[in-house]
Amino acid sequence: MSPETPFKINIPDEKLTTLRAKLELATLPDELKDAGWKYGTPLVDIKRLAERWRNQYDWRKHEKEINEKLPMFTRNIDVDGVDTLNIHYVHKKSETVDAIPLLFCHGYFATLTASAPEHPSFHVVALSLPGYGFSEAPRKQGFGINQYAEVAHKLMIALGYNEYVTQGGDWGCLITRKMASVYGGRHHKAWHTNIPMYYRPGNRPYFLVFLDNPWSTEEKAGIERTKWFHAKGQGYSAQQSTQPQTLGYGLTDSPVGLLAWIYEKLVVWTDNYNWSDDEVLTWISLYWFSCAGPAASLRIYFELREDCEDIGRDPTIPMGVSFFPMELIVLPAAWLRKSYNVVFESRHKTGGHFAATERPEELVQDVRKMFAKGSPAFAIVPGRTGYA
Amino acid sequence: MSETPFQINIPDKKLSILRAKLELATFPNELQDIGWKQGPPLADMKRLVERWKNGYDWRKYEKELNQELPMFTRDIDVDGFGALNIHYVHKKSKTVDAIPLLFCHGWPGSFLEVRGILPLLTAPSPEHPSFHVVALSLPGFGFSEGSHKPGFALDQYAEVVAHKLMIALGYNEYVTQGGDWGFLITRRMAAKYGGKHHKAWHTNFPMADPPNWKSPLSFLSYLVTPFSAEEKAGLERTAWYRNKSSGYFVEQSTFPQTLAYSFTDSPVALLAWFYEKLVIWTDNYKWTDDEALTWISIYWFSRAGPGAAHRIYFEVHGDFYNLGRTSYPTIPMGASYFPQELLLLPSAWLRRLNNVVSESHHTSGGHFAATERPKELVEDVRKMFAKGGPAFGIVPGRSGYA
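Along each chain, numbering runs from 1 in the same order as the chain's sequence is written. All chains are assigned letters beginning with A, and all ligands numbers beginning with 1, in the order in which they are written. The predicted nature of this model means local features are confined to residues of pLDDT at least 70 and side-chain atom pairs, given and counted, to a pLDDT of 80 or more, with totals for whole chains, interfaces and linings taken over all residues. Side-chain numbers here rest on the full set of heavy atoms in the structure, without hydrogens or water.

1. A closer look at the sheet that holds strand β1 (residues 5-7) of chain A
Residue and element names in this part refer to chain A.
Point 1. A sheet is described by the order of its strands in space; here nine strands give the open sequence β1-β2-β3-β5-β4-β6-β7-β8-β9, paired in mixed fashion. The sheet terminates laterally at β1 and β9 (342-347), the two strands that pair on one side only. Along the sheet, successive strands turn relative to each other by an average axial angle of 25°, direction set aside.
Point 2. Pairing between strand β3 (residues 83-92) and strand β5 (residues 122-127): four bridges, direction antiparallel. Note that in β5 the partner of Y89 across the bridge is L127.
Point 3. Along the sheet, helix α16 (residues 360-371) makes contact with β4 (100-105), β5, β6 (164-168), β7 (188-193), β8 (319-323) and β9, crossing β7 at roughly 145°. Here the rule is simple: two strands pair whenever DSSP picks up at least two bridges between them. In DSSP terms, a helix is any run of H or I states spanning at least four residues, a strand is any run of E spanning at least two, and both are numbered starting from the N terminus. Axis angles are defined between N-to-C directions and span 0 to 180 degrees, where every axis is a line fitted to C-alpha atoms and, for a helix, only to the segment in contact. It only takes one pair of heavy atoms within 4.5 Å for two residues to be counted as in contact.

See the structure below:
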């Protein structure tokens with residue numbers, strides 16, 4: 001394993017100049033009368049954001065803030081039979097010596113500026129997945145779920161965390177689930193997620209489950225939300241999982257195109273979260289300025305397409321779940337309990353897909369509760385209870 | 001309502017902006033040995049962008065189009081949407097009693113697709129019928145104005161196309177040829193105006209629902225009739241399209257505006273999205289770079305902007321899958337089957353639900369039949385309306401012969 005190198009984001013001036021030049025030339029479409037959000041990102045929002053990005057938004061200021069707030073590093077991780085990738089990550093140790101090592105695993109559209117579930121009781125590692133942020137991207141085809149899980153696991157081991165827990169949403173959920181299947185027990189001790197994805201049990205048990213557990217109002221609403229996502233919200237993933245490069249050309253060449261593509265999700269996938277323009281622009285700038293470019297971040301959909309359709313063997317290690325009502329897939333908890341070793345559940349009244357951004361306190365509370373004294377997952381990492 | 005002759009004349013400023021954007025083009029990297037698996041290869045894209053920037057002469061092709069295609073515009077009133085200024089090609093045959101034929105394109109097609117078939121359709125001859133051809137730009141495409149309000153769906157496209165444009169040109173009775181959206185639109189026309197005005201329709205994109213348990217006899221026969229080799233290949237092609245080549249459809253029919261920003265701001269974005277279809281939806285058609293760039297330039301320079309055309313997917317989405325639930329046209333139908341079309345279903349399913357009088361099965365050709373196989377497509381149309389053919393004389397007084 002190669003040594004760790006401290007990392008500071010320092011986007012070359014040339015990239016800022018190119019961005020500005022493109023924004024100067026930006027041309028915008030028209031819009032149907034009173035379209036609102038019905039057809040996609042509204043023109044008024046994109047105009048305002050593009051204008052700000054071009055003129056007032058100060059990347060260097062936000063770059064500096066990130067550098068000051070997050071202790072970042074890079075190191076090379078060897079992926080068996082594939083490649084060596086230089087991986088970028090945040091690593092912040094708690095002052096509590098025996099804090100629990102926790103890996104925070106993001107998904108598509110997430111960034112490191114999302115507050116990680118930090119607490120003096122956790123040593124937190126938050127990586128940029130290969131192809132995202134300042135991590136290198138795979139160069140060859142076939143970099144699938146096993147490889148993503150391998151990178152994450154090897155990073156924890158390289159940092160001296162032979163036993164650890166994880167928190168993940170979006171792709172982070174699938175990846176930490178694979179980690180739990182492959183490394184669970186020996187290394188990966190427990191996992192928490194804010195987007196529990198699972199399939200309903202087969203027909204007979206489904207009906208039995210239904211009889212035992214008639215759906216609550218919340219669960220009904222969750223099913224409606226899930227149906228909406230399935231019927232109306234699949235465009236981006238249908239494209240990204242079949243022809244990611246076709247889309248990638250546009251997202252690489254047009255900052256406005258990238259802005260519209262991502263901003264739509266930041267709004268549609270959250271629960272009325274009040275994004276400030278600069279928060280949005282920083283989020284999208286991280287994609288624009290990413291080491292591998294925005295096109296690379298799409299390829300995970302293509303590679304993992306089969307994995308999404310067959311989640312494989314269920315993990316047995318303790319699992320914690322936080323349900324946020326405006327998440328994209330919200331299914332009855334009883335189905336979850338049938339498939340996993342659920343030791344912690346939490347239901348919230350508000351919040352959506354980007355839990356760490358929208359509801360950081362609630363998410364942190366949930367993770368703390370899961371590992372607190374008296375909880376089933378307490379002291380799951382031997383010698384590292386998280387308490388002084 | 002009056003007609004105005006039309007010549008394409010893109011302002012210099014638009015050409016400068018295009019060049020300026022191409023000068024700034026930035027490209028992604030590419031996975032090793034990826035070929036076409038995830039989209040157009042980087043080498044193709046770089047070459048096309050380079051050509052578009054340096055070497056491709058829009059003015060030359062603009063001039064050719066103006067010389068080759070007699071074009072016009074006129075205002076067409078659409079109930080509830082006001083008047084839209086519609087662009088169209090209109091070429092009359094020397095045969096006075098030629099059959100009026102409307103050619104209706106789809107996406108990512110355009111009026112350009114009529115180029116290859118126009119001289120053949122209008123050519124006078126005692127051997128085959130001739131046609132007066134009208135090829136419009138659908139609203140939001142080419143040089144037609146697009147709708148400014150939501151809800152412009154199949155009925156509106158059919159109304160603009162059919163009733164109003166053909167009638168305005170003095171063609172009270174006419175036939176149609178269409179593929180892709182052209183199929184759905186001419187089918188709606190046939191349902192609405194069939195018999196009285198719309199006399200017969202031909203398509204190279206014949207879509208049909210499979211028999212279901214609601215019609216037990218068909219369903220039984222469907223279960224026991226083995227598929228031919230051609231039909232099996234067609235069903236595999238259909239499965240490929242559904243599984244691997246429909247991403248664009250899902251995005252365009254749910255969040256068209258989000259995509260519009262990329263297409264409007266970046267010629268590279270537009271080029272990638274469209275060029276991918278030109279290649280994977282055709283049967284090894286040898287696009288020259290300039291041919292592809294002209295096709296895409298029509299979208300880039302379109303009157304409504306490159307972000308407008310695909311709104312049709314959103315507006316018509318519900319109707320797209322309504323095949324089994326709306327009334328079927330009864331007027332005579334002709335169908336051409338090309339093996340690299342996207343949806344290829346057993347022709348028995350089509351015959352079950354439509355008045356199919358003419359069918360052709362080809363051994364090569366894909367989705368853009370008028371471009372890939374102009375002679376074959378025209379032969380199919382001619383045979384339908386020929387003396388002795390199933391739809392001969394369907395338009396009274398306009399047999400297509402001298």
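2. A word on the layout of surface pockets
Point 1. Method remark: on a 1 Å grid restricted to protein atoms, a set of points is classed as a cavity if a 1.4 Å probe fits but cannot get out and as a pocket if it is open with protein on both sides within 12 Å along at least five of seven lines; lining residues have an atom within 4 Å of a point. Grid points are joined across faces, edges and corners, and a volume is the space filled by probe spheres set on the points. Approximately 370 Å³ is the volume attributed to the second largest pocket.
Point 2. Around the second largest pocket, the lining comprises 20 residues; the ones closest to its centre are K15, T252, W288 and G293 of chain A together with T26 of chain B.
Point 3. Among the elements that take part in the lining of the second largest pocket, helix α1 (residues 13-24) of chain A stands out by supplying five residues, more than any other.
Point 4. Class assignment of the residues belonging to the lining of the second largest pocket gives a composition of nine nonpolar, six polar and five charged. Gly is placed with the polar residues, together with every amino acid not listed as nonpolar (Ala, Val, Leu, Ile, Met, Phe, Trp, Tyr, Cys and Pro) or charged (Asp, Glu, Lys and Arg).

3. Details of the confidence of the model for chain A
Residue and element names in this part refer to chain A.
Point 1. The predictor's confidence in any single residue is recorded as pLDDT, a number from 0 to 100. With 90% of its residues at a pLDDT of 70 or more, chain A shows a mean pLDDT of 88.
Point 2. Every residue in residues 109-120 scores below 50 in pLDDT, and together they form 43 contacts with partners more than four places removed in sequence or on other chains.
Point 3. Per-residue pLDDT stays below 50 along residues 200-209; that stretch engages in ten contacts with residues further than four places along the chain or on separate chains.

4. Section: the pairing of β5 of chain A
All names here are of chain A.
Point 1. Summary of the burial criterion: residues with accessible area below 20% of their type's maximum are buried, those above 50% are exposed, and those between are partly exposed, where the area comes from a 1.4 Å probe applied to protein chains only. The element β5 is extensively covered by neighbouring structure, given that six of its six residues are classed as buried.
Point 2. Of the two faces of β5, the one holding F122, V124 and A126 and the one holding H123, V125 and L127 are both buried throughout.
Point 3. The pairing of β4 with β5 spans six bridges and is classified as parallel. Each residue of the ladder has a partner; that of I100, found in β5, is F122.

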